[in-house]
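Take a look at the letters that make up each chain.
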Amino acid sequence: MKPIFVQLQCAPGKTYEVADVIYKKEIVSEMYSTSGDYDLLIKVYVDEEQDIGKFINDNIATVPGITRSLTTLTFNAF
């Protein structure tokens, strides 16, 4: 399993709704409310063989209220 971080920008007033929908999917390891350009930061673990783009598209990007996302792939923990 490898950790992937996804930052989400939500439509005004939709952050809590987006967070609830994603939380109920039981796919995230951690979820945080953030300041700045993005409203939420989530950490998910995906299988080594799994297509990350497809996972994000199928499980996160389609959630109503998300206007933009930024996915960060990770390599090594220090």
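That block above? That's the structure.
Sequence order as written defines the numbering, with residues in each chain counted from 1. Totals for whole chains, interfaces and linings use all residues, but because this is a predicted model, local features are given only for residues with pLDDT of at least 70 and pairs of side-chain atoms are given and counted only at 80 or more. Excluded from the side-chain calculation are hydrogens and water; included are all heavy atoms of the structure.

**Q** So what exactly am I meant to see when it comes to the overall build of the protein here?
**A** Looking only at helices and strands, one finds two helices and four strands in the protein. When its helices and strands are written in sequence order, the protein yields β-α-β-β-α-β. In terms of C-alpha radius of gyration, the protein reaches 12 Å, essentially the compact-globule figure of 12 Å for 78 residues. With respect to the principal axes defined by its C-alpha atoms, the protein has extents near 35 × 25 × 20 Å. Buried, partly exposed and exposed residues are distinguished by accessible area as a fraction of the type maximum, computed with a 1.4 Å probe on protein chains only: under 20%, between the cut-offs, and over 50%, respectively. Residues counted as buried form 27% of the 78 residues belonging to the protein. Helix numbering and strand numbering both begin at the N terminus, where a helix is a DSSP run of H or I of at least 4 residues and a strand a DSSP run of E of at least 2. We compute the radius of gyration over the C-alpha atoms and compare it with the globule rule, which gives 2.2 Å times the number of residues raised to the power 0.38.

**Q** Sorry if this is basic, but what is going on with the sheet that holds strand E1 (residues 2-10) here?
**A** What links the strands of a sheet is backbone hydrogen bonding, and the strands pair in either a parallel or an antiparallel sense. Only strands joined by at least two bridges in the DSSP assignment are considered to pair. Strand order in the open sheet formed by four strands is E2-E3-E1-E4, with antiparallel pairing between adjacent strands. Among the strands making up the open sheet, the edge pair consists of strand E2 (28-33) and strand E4 (66-73). Adjacent strand axes in the sheet meet at a mean angle of 20°, parallel and antiparallel pairs treated alike. Looking at chain direction, E2 and strand E3 (residues 40-46) are connected through five bridges and run antiparallel. In the sheet register, Val28 faces E3, and the bridge partner there is Val44. In what follows, a contact means two residues having at least one pair of non-hydrogen atoms within 4.5 Å. A fitted line through C-alpha atoms represents every axis, and for helices the fit uses only the stretch in contact; the resulting angles, taken between N-to-C directions, go from 0 to 180 degrees. Where helix H2 (residues 52-61) meets the sheet, its contacts fall on E1, E3 and E4, and the angle it forms with E1 comes to roughly 45°.

**Q** What should I look at first to understand the pattern of salt bridges in this one?
**A** Pairing between side chains of opposite charge can happen when their charged atoms approach one another. The working definition used for a salt bridge is a side-chain nitrogen of Lys or Arg within 4 Å of a carboxyl oxygen of Asp or Glu. Enumeration according to the criterion identifies three salt bridges in this entry. A salt bridge links Glu30 to Lys43, with the shortest nitrogen-to-oxygen separation between them at 3.6 Å. Separated by 13 residues along the polypeptide, Glu30 in strand E2 and Lys43 in strand E3 bring together distant segments of the chain. Relative accessible area serves as the criterion here: at 29%, Glu30 is assigned to the partly exposed category. One salt bridge in this structure joins Lys54 and Asp58, with 2.7 Å as the shortest N-O distance. Of this pair, Lys54 and Asp58 both sit in helix H2, four residues apart, roughly one helical turn.

**Q** Please clarify how H2 should be interpreted in this entry.
**A** Structural remark: α-helix, 3.6 residues per turn; residues separated by three or four positions point the same way. Within the span of H2, buried status applies to Ile52, Phe55, Ile56 and Ile60. Taken end-on, H2 shows its buried residues confined to a sector of 95°, consistent with a single buried face. Looking at the buried residues of H2, the elements they touch are E1, helix H1 (15-24), E3 and E4. Measuring from the side-chain oxygen of the N-cap residue of H2 to the backbone nitrogen of Gly53 gives 3.0 Å; that N-cap residue is Asp51. By arc we mean the arc of the directions from the helix axis to the C-beta atoms, nothing more. N or O atoms closer than or at 3.5 Å make up a polar contact, with two conditions inside protein: a donor-capable atom paired with an acceptor-capable one, and, for residues adjacent in sequence, both atoms drawn from side chains.

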